[in-house]
Amino acid sequence: MSDSKQKIKLIDEKGLRVDGRKPDELRPISLKVGILKQADGSAYIEQGKNKIIVAVYGPRELHPRHLALPDRALLRCTYRMSSFSVPERKSPVPSRREIELSKVIREALEPSIFLEYFPRSAIDVYIQVLQADGGTRTASITAAALALADAGIPMRDLVVACAAGKVDGQLVIDLCDEEDKEGEADVPVAIMPQLKRVTLLQMDGSLTKEEFQQAFKMALSGCMKIYEMQKEALRREFITIREEVLKAAENNENKNNKEKEA
Amino acid sequence: MSFSYNISPTIEKARIYQAVLSGERTDGRKLDEYREIKIETGYVKKAEGSAFVHLGDTKVIAGIKVELGTPFPDTPEKGVFLIGAEFVPTASPTFEPGPPDENAIELGRVVDRAIRHAEMIDLEKLCIIPGEKVYTVFADIYVIDHDGNLFDASTLAVVAAALTAKLPKYEIVDDNTVRFLDEMVPLPIKNRVATITWARINNKLVVDPNNEEEIVMDSRITIGIDEHDKVVAIQKGGSGYMSYEDVEYALDKSFKLARDLIKKLPSGG
């Protein structure tokens, strides 16, 4: 990971990071819910330079049918990077990394969903990375939880993810691409924030026990900050929808009244 | 006991749950006790390094092959080390012939992460002509019999194989033609590493789960620790969750277990 020969300075004299952030500062995050017309649920996240779209289809009929589970829905998750999302063109053939990430993201979302409500059916989560800037798996999970909620799928809790790591000997949260590549460690964490349960935990790099414990704590506090943004994004979307519904109901009533009068 | 599918009868599940609660597992082990470990190195003579690992009834072979290759563009002065995993259909009724599925890919990548971030193999010493010619070292994991905890068995196998692996010496003829010689030297090693896997069953963590335990577990966590007590890799898996306390407990308990596993490895280099 760290290459001593051509090391870029990742923390400056003032203790600020390559993009001017403080160690415990998140990148700017914007979340939008319900951005796709055809999907049952969808969400869009921008976190730093990351741009990721998530669509949820289902619960729906499962094909091929032999995959059906008798007691619960099958959750399928596909994480893909667009060929132009990274500096060197990424071949559209699924890489080993994408296959592993699809699996861990699915396992991060799975504990939050009441899959047992929909036996023999499928819930599909499609994640498309349009632009990648480090921490795509955590951003994908944050957006996927919103897309599941947008699809109206019953959930125990939202799932929110944030990474912590170590760059230039300093523990930081929400690593950008450069920090991810040149840094000493990366610890992505996903949690169900109300239930206080860890649904994704990975690490690569080299940390002492105490450093890991501290990084884990920092990732959790990052998660709680992003969780507030998630709730806000849902509220924004559903207040608009509520207004639309109320307006439609009012129009309908007016129409009915007019018909009665006539 | 063999299962045609990854489904366990309710009564079986209840038995394992009860055993975990009582502190003595169905095979008589304590919650933090490993099964018997046997490491046989040099099992495959045609490979540059190999190890056959028995972890209880789990059997895994790792073999190392060395080729002349080109470095990755972003690391022109480093050799290449690649790990793959094959789930051989002999190993389990749930394994099918075909390209590696997501489980095999995850296994290979987690073992790779532990070894790579422990910087176990001195990749700089595998460089022959910077930017052009390097040693490419392939480590392939073959799961022969699956009775649970493939992660730890595979890490042991790859690490043991690497520790006993040999590289052919080379000479450079003309300007840029590299030729391997018959004389062999040990693969340059800087560190050793082990992974410790815990399964969460009935709200308790058990180490080194066997197959019947893995079938009923909610989730698992694998922690890679090197010989300097550094944490180098972690992977949570399975469709369940871990509590914050579970993570803390697994981390706390894994250091001693990792030291014990590393002691069982051949000394390398």
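Residues numbered from 1 in each chain as written. Chains lettered and ligands numbered in written order. Predicted model: local features only at pLDDT ≥ 70, side-chain atom pairs only at ≥ 80, totals over all residues. Heavy atoms only, no water.

## Thoughts on the nonpolar core
Ranked by size, the top nonpolar core spans 139 residues in total, and within it A:Val125, A:Leu201, A:Phe212 and B:Ile115 carry the most contacts. When neighbours within four sequence positions are excluded, A:Phe212 is seen to be in contact with A:Val187, A:Leu201, A:Met203, A:Leu207, B:Ile234, B:Val247 and B:Leu251. B:Val20, B:Ile201, B:Val206 and B:Met217 belong to the second-largest nonpolar core, a separate cluster that totals nine residues. (Core = buried A, V, L, I, M, F, W, Y, C linked by side-chain atoms within 4.5 Å. Buried < 20%, exposed > 50% of the residue type's maximum accessible area, 1.4 Å probe, protein only. Contact = heavy atoms within 4.5 Å.)

## Remarks on the confidence of the model for chain B
In low-pLDDT regions, the fine details of the predicted coordinates are not to be read closely. For chain B, per-residue confidence averages 94 on the pLDDT scale, and residues scoring 70 or more make up 97% of the total. For this predicted complex, the interface confidence reaches an ipTM of 0.92, while the overall pTM sits at 0.92. (pLDDT = per-residue confidence, 0-100.)

## Observations concerning helix 5 (residues 244-263) of chain B
Residue and element names in this part refer to chain B. Here helix 5 contains 20 residues, and its C-alpha end-to-end distance of 30 Å stays within 8% of the 28 Å for a straight helix at 1.5 Å per residue. Along its length, helix 5 shows its largest kink, about 35 degrees, at serine 254. Within helix 5 the residues assigned to the buried category are Tyr244, Asp246, Val247, Ala250, Leu251, Ser254, Phe255, Leu257, Ala258, Leu261 and Ile262. (Helix = DSSP H or I, 4+ residues; strand = E, 2+ residues; numbered from the N terminus. Expected span 1.5 Å × (residues − 1). Bend = angle between axes of the 7 residues up to and from the residue.)

## Examining empty space enclosed by the protein
Within this structure, the stated rule accounts for one cavity of 30 Å³ or more. One number sums up the size of the largest cavity: a volume of about 30 Å³. Around the largest cavity, the lining residues are A:Arg137, A:Asp186, A:Pro188, A:Gln202, A:Met203, A:Asp204 and B:Arg113. Sorting the residues of the lining of the largest cavity by element identifies strand 8 (185-192) and strand 9 (197-207) of chain A as the ones contributing at least two each. Top element by residues in the lining of the largest cavity is strand 9 of chain A. It accounts for three residues. Each residue belonging to the lining of the largest cavity can be placed in one class, and the counts come to two nonpolar, one polar and four charged. (1 Å grid on protein atoms, 1.4 Å probe; cavity = no way out; pocket = protein on both sides within 12 Å on 5 of 7 lines; lining within 4 Å. Points joined across faces, edges and corners; volume = space filled by probe spheres on them. Nonpolar A, V, L, I, M, F, W, Y, C, P; charged D, E, K, R; others polar.)

## Topic: the pattern of salt bridges
According to the stated counting rule, one finds 47 salt bridges over all chains in the structure shown. Notably, a salt bridge pairs A:Glu100 with B:Arg113, separated by 2.7 Å at the nearest N-O pair. In this pair, A:Glu100 sits in helix 1 (residues 96-109) while B:Arg113 sits in helix 2 (residues 102-117), so the two residues belong to two different chains. A relative accessible area of 8% places B:Arg113 in the buried class. One salt bridge in this structure joins A:Lys103 and B:Glu106, with 2.6 Å as the shortest N-O distance. Highlighted residues: A:Lys103 in helix 1 and B:Glu106 in helix 2, drawn from two different chains. Judged on exposure class, the residue A:Lys103 and its partner B:Glu106 are both buried. The network of salt bridges with common partners includes A:Arg17, A:Asp19, A:Arg21, A:Arg27, A:Asp133, A:Asp174 and A:Glu179. (Salt bridge = Lys/Arg side-chain N within 4 Å of Asp/Glu carboxyl O.)

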